[in-house]
Amino acid sequence: MRLFCFVILASTITLGSAAQTSPSAEPPQISVMPLPAKFHLGSGQLVINQSFSIANKGVEDSRIDRAIARFMHHLAMNTGIPLGLVPPTSNSNPTLTVNAGRASKRYPELGEDESYTLDVSASGARLTAPDTLGILHGLQSFLQLVKAVPQGFAAPAVRIEDTPRFPWRGLMIDVSRHFIPMDALYRTVDAMAVVKLNVLHLHLSDDQGFRMQSKEFPKLTELGSDGNYYTQDEMKALIEYAADRGIRIVPEFDMPGHATSWFVGYPELSSGPGPYSVERRFGIFNPAMDPTREQTYKFLDKFIGEMSDLFPDQYFHIGGDEVNGKQWEANPKIQAFMRAHNMKNTQQLQQYFTERVQKIVARHHKFMIGWDEILSPGMPTDIVIQSWRGPDSLAAAAKQGYRGLLSSGYYLDHMETAAEHYGVDPLSGDAAKLTPEEKSRILGGEACAWAEFLTPQNVDSRLWPRAAAVAERLWSPKDTQDVGSMYRRLEEVSWRLELLGVRHRSELSAMLGRMAGTDDVPALRVLAGAVRPVGLDGRQDLDQKAGIEETALTPMNRLVDAVPPESQSARGFTDLVNALIAGKFADRKAETSVRDQLAIWRDNHARLESQLQQSAVLKELEPVSENLASLGAAGLQALGYIDRGEKPAPEWKAQTLALIEKTEDPDPRAEVYIAVAPAIEDLVNAASSESGGNN
Ligand code: ACM
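Since we're looking at a predicted model, the values are computed, not measured.

Draft legend 1. Geometry of empty space enclosed by the protein. Applying the stated rule across the entire model yields four cavities of 30 Å³ or more. Approximately 290 Å³ is the volume found for the largest cavity.

Listed below in structure tokens is the structure:
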């Protein structure tokens with residue numbers, strides 16, 4: 001009966017989705033990320049050599065000229081071949097022609113045409129697009145096609161017809177809790193352009209710091225930033241740089257809560273007596289703007305007017321999240337206002353505030369955007385809701401006529417894997433049941449990097465390469481779901497980004513050097529490759545259990561702050577173990593690799609121990625390092641049983657699994673997980689199972 005059902009199901013699938021190709025055929029590979037909407041690989045390849053040239057045959061647009069100059073520079077960097085030095089002969093055709101029908105707006109806007117078509121053959125390439133933006137994207141795709149081949153460097157012959165699934169593909173960075181300097185933002189914009197993300201959302205104010213210079217209200221940064229802020233000139237330059245790359249910059253000034261830093265210089269804006277100082281702790285705090293005073297709206301009108309002139313984007317983010325209402329409840333004047341206006345709770349007071357602010361934002365010719373909490377029945381439907389509490393609120397908003405963005409499931413500070421973020425779709429859950437018109441209100445999403453544990457030194461590895469997986473989810477067709485293919489392309493994007501100057505890989509080396517006081521850290525590197533950091537919530541829980549509070553004053557110099565959220569080597573090991581088990585340990589070469597790796601881990605603690613004693617920040621790693629050694633030994637024992645065709649005693653299995661289970665919790669002091677523990681548990685289970693070994 002079960003078999004019968006399976007056959008029916010399998011044949012339905014074959015007819016439904018894969019009728020033209022044989023089910024076992026490997027889908028064609030292409031290295032572009034996000035995966036283009038449509039592509040067709042041809043035969044042959046375009047070899048890149050010193051005579052590579054490019055010509056603009058379409059609309060005149062200085063932005064295209066600058067993009068071409070950057071493209072040549074990046075192509076030279078990606079190949080190491082000096083380009084642009086050999087003049088083309090008069091009768092030779094350009095290698096690549098670009099042709100845009102018209103110039104896009106100087107500052108990119110939501111919903112502009114970003115599509116392009118790229119044809120590459122052995123004799124040359126042609127990139128066409130309706131608008132400038134498509135040319136920018138197509139040039140990035142071309143760069144990603146080029147890689148090392150036996151003939152040198154080449155792009156495969158291919159035809160790509162590409163267009164994004166969603167028009168709003170963003171990355172939010174909290175630059176308040178820890179200040180992130182401009183140079184990191186420039187690197188971020190460079191990386192975003194590579195993966196076709198088109199909105200950089202800057203969370204510019206929170207309790208811990210006000211990061212944007214205001215000439216109208218200079219005390220915002222003079223007293224609220226510790227001197228760590230962006231000048232208007234710096235921001236203008238970043239906006240131009242981003243616009244050149246097709247990227248919008250959306251500013252967020254969080255109000256009425258998460259606003260302590262405003263009140264340091266302007267305590268009269270708040271609902272409590274003050275005085276205030278910049279908040280060093282993290283969490284939800286009581287201070288909130290006073291929604292009952294007309295002076296508050298006069299201030300915000302002037303401030304939003306000033307910022308609306310500075311930021312050309314049509315959208316202005318007012319935050320609106322996590323207001324606890326405590327200062328409002330404690331203020332008799334505010335309580336009297338609420339009674340006089342028949343307000344039953346502080347949510348209604350926030351609603352009143354948000355409606356007033358929305359009118360100010362609209363008067364300055366911007367659309368208001370905010371977190372879930374800003375949505376209330378009185379709002380005009382031109383506002384945008386950014387959903388952080390769950391995808392269903394987005395669907396509910398879309399039903400009521402509101403546009404929205406998904407961020408729930410895309411929080412990079414939770415330290416989840418690229419695959420986990422990749423599995424989150426803005427049009428899933430309740431949103432999958434919306435009408436086409438309602439669905440069109442879901443504009444896309446934003447990956448978010450909150451900054452409790454984000455610093456200038458680790459920002460690159462907290463963003464990249466995982467943000468590229470979100471970029472693909474937001475650009476590529478919904479049925480682009482092959483996680484293995486995603487990771488293959490993610491790893492390529494990863495080294496390309498590093499070549500471009502993003503430091504997500506190299507910053508780890510620098511931080512390990514700092515921890516050890518030396519560059520000679522092979523054993524520390526082994527440990528770093530086997531672990532992953534605990535995410536925001538878990539870390540705060542562990543801190544609380546230990547009676548510790550990490551704040552903006554806490555040094556961020558530990559292994560948990562340095563190791564990437566997802567260890568490439570741990571994933572590689574896990575994949576290898578899975579394949580080994582699935583193949584019943586028949587692949588001797590794979591088994592040797594696993595065995596060698598396990599031996600390295602088993603022996604690593606002995607190599608590392610004395611170094612751990614030399615450094616206060618390394619000392620906490622001792623139990624983690626010991627556990628890794630035990631795991632290595634356990635894995636080797638499991639392989640031994642399998643090789644001998646011997647079933648281990650139940651006591652061995654029970655003891656070993658108990659040990660592994662202990663290591664699967666994050667170490668409470670070091671706040672890292674041993675990322676490879678589950679794979680070793682699988683090996684132990686395989687050794688103990690009836691069909692586990694190769695016997
Ligand atoms: C948020 O995570 N409080 C928007």
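Draft legend 2. Examining helix α10 (residues 332-340) more closely. Along α10, the positions that sit buried rather than exposed are Ile334, Phe337 and Met338. On an axial view of α10, the arc spanned by its buried residues comes to 100 degrees, and they lie on one face. Exposed positions of α10 whose direction lies more than 90 degrees from the buried face are Pro332, Arg339 and Ala340. One side-chain oxygen of the residue at the start of α10 lies 2.9 Å from the amide nitrogen of Lys333, identifying that residue as Asn331. The first or second residue beyond α10 is Asn342, which carries a positive phi of 60 degrees.

Draft legend 3. Representation of the side chain of Asp413 within the structure. Locating Asp413 in the fold gives a position in the loop between β15 (403-406) and α13 (418-422). No salt bridge is formed by the buried Asp413, whose closest oppositely charged neighbour, Arg466, lies at an N-O distance of 7.4 Å.

Draft legend 4. Region of interest: the nonpolar core. In terms of nonpolar packing, the biggest core is built from 94 residues, with Met235, Phe253, Trp262 and Trp464 touching the most fellow members. Take this core: its biggest share by element is eight residues, from helix α4 (residues 182-194). Setting aside chain neighbours within four positions, we find Trp464 in contact with Leu171, Thr188, Ala191, Met192, Val195, Leu197, Leu497, Val502 and His504. Of all hydrophobic cores here, the second largest spans 55 residues; its members include Met515, Val577, Val617 and Ala670.

Draft legend 5. Layout of the packing of helix α2 (residues 62-79) against helix α3 (residues 132-145). The contact between α2 and α3 brings their axes to 10 Å, and the two run at 5 degrees. When the axis of α2 is compared with that of α3, the two are roughly parallel. Contact with α2, carried on its side by Arg63, Ile64, Ala67, Ile68, Arg70, Phe71, His74, Leu75 and Asn78, involves Thr132, Leu133, Ile135, Leu136, Leu139, Phe142 and Leu143 of α3 and no other residues of that element. Of the residues contributing to the contact of α2 with α3, the split by class is 11 nonpolar, three polar and two charged.

Draft legend 6. Representation of unusual backbone geometry within the structure. In this structure, the amide linkage connecting Gly274 to the following residue, Pro275, adopts the cis form with an omega of -5 degrees. As for its placement among the helices and strands, Pro275 is situated in the loop between α7 (260-265) and α8 (294-310). Cis geometry is adopted by the peptide bond preceding Pro465, which originates at Trp464 and carries an omega value of 5 degrees. Here Pro465 shows up in the loop between α15 (459-463) and α16 (466-475). In the Ramachandran plot, Lys196 falls in the positive-phi region, its phi being about 65 degrees despite a non-glycine side chain. Tracing the backbone shows Lys196 in the loop between α4 and β9 (199-206). Positive phi outside glycine occurs at His365, with the angle close to 65 degrees.

Draft legend 7. Molecular detail of the side chain of Asn198. Residue placement: Asn198 occurs in the loop between α4 and β9. At 3.5 Å, the side chain of Asn198 forms a polar contact with the side chain of Glu114. Beyond its immediate sequence surroundings of up to four residues, Asn198 is in contact with Glu114, Pro167, Trp168, Arg169, Gly246, Ile247 and Arg248.

Draft legend 8. Broad picture of the environment of Glu492. Note on placement: Glu492 falls in helix α17 (residues 483-500). Sequence separation of Glu492 and Lys147 is 345 residues, and the distance between their C-alpha atoms is 9.6 Å. Excluding anything up to four places from it in sequence, Glu492 contacts Ser31, Gln144 and Lys147. Within polar-contact distance, the side chain of Glu492 engages the side chain of Lys147 at 2.5 Å.

Draft legend 9. Seen up close, the pattern of salt bridges. Evaluated as defined, the whole model comprises 45 salt bridges. For the salt bridge of Arg539 with Asp561, the shortest nitrogen-to-oxygen distance reads 3.0 Å. Taken together, the residues Arg539 in helix α20 (residues 536-545) and Asp561 in helix α21 (residues 559-562) connect sequence positions 22 residues apart. An identical accessibility class is assigned to Arg539 and Asp561; each is buried. In the salt-bridge network here, residues are joined through shared partners; they are Arg539, Glu550, Arg558, Asp561, Glu620 and Glu671.

Draft legend 10. Representation of the pairing of strand β7 (residues 152-162) within the structure. Both strand β1 (residues 38-47) and β7 contribute to a ladder of seven bridges, which runs antiparallel. Of the residues in β7, the one forming a bridge with Phe39 is Ile160. Two elements, strand β4 (residues 116-121) and β7, share five bridges in a ladder whose sense is antiparallel. Across the sheet, residue Thr117 finds its bridge partner in β7, namely Glu161.

Definitions and limits used
- The residue numbering used here restarts from 1 in each chain and proceeds along that chain's sequence as written.
- This being a predicted model, a pLDDT of at least 70 is required before a residue's local features are given, and a value of 80 or more before pairs of side-chain atoms are given or counted; all residues contribute to the totals for chains, interfaces and linings.
- Calculated side-chain values reflect all of the structure's heavy atoms, with hydrogen atoms and water omitted.
- Within this scheme a cavity is a closed region of a 1 Å grid, computed over the protein atoms alone, that accommodates a 1.4 Å probe without allowing it to escape, whereas a pocket is open but has protein on both sides within 12 Å along at least five of seven lines; lining residues each have an atom within 4 Å of a point.
- Grid points are joined across faces, edges and corners, and a volume is the space filled by probe spheres set on the points.
- Note on classification: 1.4 Å probe, protein chains only; a residue is buried when its accessible area is under 20% of the maximum for its type, exposed when over 50%, partly exposed between these limits.
- Think of it this way: any DSSP run of H or I at least four residues long counts as a helix, any run of E at least two long counts as a strand, and we number them from the N terminus.
- The arc under discussion is defined with respect to the helix axis, by the directions toward the C-beta atoms.
- Contacts described as polar in this section are N or O atom pairs within 3.5 Å, which, within protein, must combine one atom able to donate a hydrogen with one able to accept it, while residues neighboring in sequence count only if both atoms come from side chains.
- Here the positive residues are Lys and Arg and the negative ones are Asp and Glu; neither His nor the chain ends is included.
- When a carboxyl oxygen of Asp or Glu is within 4 Å of a side-chain nitrogen of Lys or Arg, the pair counts as a salt bridge.
- In this text, buried Ala, Val, Leu, Ile, Met, Phe, Trp, Tyr and Cys residues form a nonpolar core when linked through side-chain atoms within 4.5 Å.
- Should any heavy atoms of two residues lie within 4.5 Å, those residues are considered in contact.
- Inter-axis angles, ranging from 0 to 180 degrees, are taken between N-to-C directions of lines fitted to C-alpha atoms, where helices are fitted over the stretch in contact.
- Between 65 and 115 degrees an angle is taken as roughly perpendicular, under 35 as roughly parallel, over 145 as roughly antiparallel, and anywhere else as oblique.
- Under this grouping Gly is polar, as are all residues other than the nonpolar Ala, Val, Leu, Ile, Met, Phe, Trp, Tyr, Cys and Pro and the charged Asp, Glu, Lys and Arg.
- What makes two strands pair is DSSP finding at least two bridges between them.

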